[in-house]
Amino acid sequence: MRLIRTAADLAALPRGERRVVVMTMGALHEGHLALIRRAKELGDQVVVTIFVNPLQFDEAADYDSYPRTLDADLALLEPLGVDAVFAPEDAEMYPHGEPVVTVSSGVIGRVLEGAARPGHFDGVLTVVAKLLHLTAPDVAVFGAKDAQQVIAVKALVRDLNFSVEIATASTVRDDDGLARSSRNVFLSPDERKRALALNRALASAARTAEYGATLTTTLKAGRDILDAQDGLDVDYFAALDPADASEANDDYRGEVVLAVAARVGATRLIDNITTRIAPSAEGDQR
Ligand code: PAF
């Protein structure tokens, strides 16, 4: 496995048949490793990027305290058969300081997670665009857990004509259904039990949609579970059009992302599921 620190060395990396990139900010955990395993299935050359991107943090303190664990990350990647790790310094990525020209995530960046973190998705798309240019992959893999990020990246590639395929890796869940997140360690056993309502709500809503329900009925099935759970402070539970993250209304038909964010104690968790809205007269009577 080669460790590459500069854009020039990355450009000199011989290409495989099909290069797949996984972008990360390091501090790797099981969720990242699942992305890498997916990448291995999709191509013959896997490049992982590790870069803590200052542009996507709204608080300087969060950026400063973000864990930087390069040695441990490399030790996790080596046995997975990763071909190269691109881990540039800030000065390599932003040699002229904060970029003058950046990518706008438009409406996608102003809703849901973007409403809570203004500028976050612009920062993500700017670094993703740069890393796509630098790594020049055939495929880039992103985690389905960050549904809004996936929607934003797909829109970037579509709207700005990047020649790359965007693939997703399914959310990794613990046996009890809780989506893996580095924040789960902050949950007490009781909070963890409460947090399971997120997955239960999404699963119930998706099942309701599969029976042929309208979007309103689908959302109600999930909302009832969230409302019945004590000690859960729901930020949003919404149905999104995967094309642009706009909120779907009751006339909506087709693939939809059901997304939830909630605070359990001091910990904010997100989760989502993709389902299809294709109402049938019978389905909506359930
Ligand atoms: O998902 C992340 O870790 C980051 O947002 C990404 C895609 C690596 C961009 O910095």
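Residues numbered from 1 in each chain as written. Predicted model: local features only at pLDDT ≥ 70, side-chain atom pairs only at ≥ 80, totals over all residues. Heavy atoms only, no water.

(A) Structural view of the packing of helix 9 (residues 189-210) against helix 10 (residues 215-228). Packing of helix 9 against helix 10 brings their axes to within 8 Å, and their N-to-C directions diverge by 155°. The angle between helix 9 and helix 10 places the two elements in the roughly antiparallel class. Of the two elements, helix 9 crosses helix 10, and the hand of that crossing is right-handed. Contact with helix 9, carried on its side by A197, L198, R200, A201, S204, A205, T208 and A209, involves T217, T218, A221, G222, I225 and L226 of helix 10 and no other residues of that element. Here the contact of helix 9 with helix 10 is composed, by residue class, of eight nonpolar, five polar and one charged. (Axes fitted to C-alpha atoms, helices over the stretch in contact; angles between N-to-C directions. Helix = DSSP H or I, 4+ residues; strand = E, 2+ residues; numbered from the N terminus. Parallel < 35°, antiparallel > 145°, perpendicular 65-115°, else oblique. Left-handed = near helix turned anticlockwise from the far one by under 90°. Contact = heavy atoms within 4.5 Å. Nonpolar A, V, L, I, M, F, W, Y, C, P; charged D, E, K, R; others polar.)

(B) Expanded view of helix 9. Its 22 residues place the ends of helix 9 32 Å apart at the C-alpha level, agreeing with the 32 Å of an ideal helix rising 1.5 Å per residue. Directly beyond the C-terminal end of helix 9, a positive phi value near 100° is found at G212. (Expected span 1.5 Å × (residues − 1).)

(C) Spotlight on the site of the ligand. Every residue close to the ligand is listed here: M23, T24, M25, N53, Q56, V124, V127, F142 and Q149. In this structure, Q56 approaches the ligand through a side-chain N or O atom, which is 2.6 Å from an oxygen atom. Here Q149 contributes a side-chain N or O atom positioned 2.8 Å from an oxygen atom of the ligand. Sorting the residues of the shell around the ligand by element identifies strand 2 (19-24) and helix 7 (120-135) as the ones contributing at least two each. Counted by class, the shell around the ligand contains five nonpolar, four polar and no charged residues. (Near = heavy atom within 4 Å. Polar contact = N/O pair within 3.5 Å; in protein donor to acceptor, adjacent residues only side chain to side chain.)

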